[in-house]
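# Summary of structural features
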Amino acid sequence: MKGLFVNACVREKSRTLELCREYVKKHWDGEEISEFVLKENALEPFNAQMLQQRDADIFAGDLTSVRYDCARDFADADEILIGAPFWDCSFPAMLKVYLEHVCVNGITFGYGNDGTPLRLCKAKKLVYITTAGGYIGSPNSLELYLKELCAMFGIQELQIYKAEGLDIVGNDTEAILEETLKNL
Ligand SMILES: Cc1cc2nc3c(=O)[nH]c(=O)nc-3n(C[C@H](O)[C@H](O)[C@H](O)COP(=O)(O)O)c2cc1C
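Residues numbered from 1 in each chain as written. Predicted model: local features only at pLDDT ≥ 70, side-chain atom pairs only at ≥ 80, totals over all residues.

### Section: the overall build of the chain
Under the convention used in this document: Going along the chain from the N terminus, every DSSP run of H or I of four or more residues is numbered as a helix, and every run of E of two or more is numbered as a strand. Three exposure classes are used, all based on how many other C-beta atoms lie within 10 Å of a residue's own C-beta (placed from the backbone): buried at 20 or more, exposed at 12 or fewer, and partly exposed between those limits. By the criterion used throughout, residues are in contact when their C-beta atoms, derived from the backbone, lie within 7 Å.
The helix and strand tally for the chain stands at six helices and seven strands. Starting at the N terminus and walking to the C terminus, you meet the elements of the chain as β-α-β-α-α-β-α-β-β-β-α-β-α. Seen through its principal axes, the chain has C-alpha atoms that stretch 60 × 35 × 30 Å. With 184 residues in all, the chain has 29% of them scored as buried. When contacts within the chain are restricted to residue pairs at least 6 apart in sequence, those whose partners lie at least 24 apart make up 79%.

### Examining the environment of V169
Residue placement: V169 occurs in the loop between β7 (157–163) and α6 (173–183). Residue classification places V169 among the exposed residues on the basis of 4 C-beta atoms within 10 Å. For the pair V169 and G133, spaced 36 residues apart in sequence, the C-alpha separation works out to 9.9 Å.

### Quick word on the nonpolar core
The following threshold applies: By convention in this section, buried Ala, Val, Leu, Ile, Met, Phe, Trp, Tyr and Cys residues joined through C-beta atoms within 7 Å make up a nonpolar core.
Ranked by size, the top nonpolar core spans 42 residues in total, and within it F74, I80 and L81 carry the most contacts. Contacts of L81, omitting those with residues within four sequence positions, involve G3, F5, V6, C20, Y23, V24, V127 and I129.

### Notes on the site of the ligand
Quick note on the threshold: Being near a molecule or strand means, for a residue, that its backbone-placed C-beta atom lies within 6 Å of it. Throughout this entry, Asp, Glu, Lys and Arg are counted as charged residues, while Ala, Val, Leu, Ile, Met, Phe, Trp, Tyr, Cys and Pro are counted as nonpolar. The remaining residues, Gly among them, count as polar.
The environment of the ligand is made up of 18 residues, and the closest members are S14, T16, P85, G133 and G134. With three residues, helix α1 (residues 15–27) is the largest single contributor of residues to the shell around the ligand. Its residues assigned to classes, the shell around the ligand shows nine nonpolar, five polar and four charged.

### Remarks on the pairing of strand β3 (residues 79–83)
Definition in use: Pairing between strands requires that DSSP locate at least two bridges from one strand to the other.
Extensive coverage of β3 is indicated by the burial of five of its five residues. Because side chains alternate across β3, one face comprises the buried residues E79, L81 and G83, and the other comprises I80 and I82, equally buried. Relative to β3, strand β1 (residues 2–7) runs parallel, the two being bridged by five bridges. When the bridges of β3 are listed, G3 appears paired with E79. With five bridges connecting them, β3 and strand β6 (residues 125–131) associate as parallel partners. Within the sheet, the bridge partner assigned to G83 lies in β6 and is I129.

### Description of the pairing of strand β2 (residues 32–37)
Strand residues, when the strand is regular, have side chains that alternate between the two faces of the sheet. Of all six residues that make up β2, zero are buried, and the element is exposed over most of its length. In the sheet, β1 pairs with β2 via six bridges, with the strands oriented parallel. From the neighbouring strand, K2 faces β2, where its bridge partner is E32.

### So, the packing of helix α3 (residues 69–76) against helix α4 (residues 93–102)
The condition that has to hold: The angle between two axes is taken between their N-to-C directions and runs from 0 to 180 degrees, where each axis is a line fitted to C-alpha atoms and a helix contributes only its stretch in contact. Note on angle classes: values under 35 degrees are labelled roughly parallel, values over 145 roughly antiparallel, values of 65 to 115 roughly perpendicular, and the remainder oblique.
Packing of α3 against α4 leaves a shortest axis separation of 7 Å and a crossing angle of 80°. The orientation of α3 relative to α4 falls into the category roughly perpendicular. Contact with α3, carried on its side by C70, A71 and F74, involves Y98, H101 and V102 of α4 and no other residues of that element. Taken together, the residues of the contact of α3 with α4 sort by class into five nonpolar, one polar and no charged.

Given below as structure tokens:
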């Protein structure tokens, strides 16, 4: 099993990262794991020139460039874990940039000759772990977005773990994290 951990945690003592490390220990012990640390691998947000280059590569049917490494690794993983703190109703911008780099027509998704969508990711499951200062609420755009991405990639199972209310005065942060850890 090839596990890909997309680490979108930012703070030195990230509580989200703590949960992710536990998940990896519990579920991926002994497996082949690669971790992509977003804060150490600054990906450039797409500009017109990059889009043009990508369109040209897709048209030429040549997606072998290192520019598509993220997309290839994502498509190739058997299971994917994304860990990101809940920021401004979603997650840090670097994760959105990463996901834009992952969405490559011909690698993670595509279209058949008759226009039928092709779902090109190998993974059967995507796990998303987040922690929030307050409460995320339901429905929320984060879960909808993740569901839509999974549908586009052909990832059948989406499992979301969240520890909420961590910054609310009076809440027992350790107990909330402990409870989430138990359920991972
Ligand atoms: C830039 C920023 C934006 C945040 N936005 C929200 C928010 O919209 N809703 C919320 O409940 N908490 C928000 N928080 C609080 C974090 O979700 C919370 O502290 C979380 O546990 C941080 O995760 P970490 O310990 O992994 O860094 C925000 C924190 C930061 C730094």
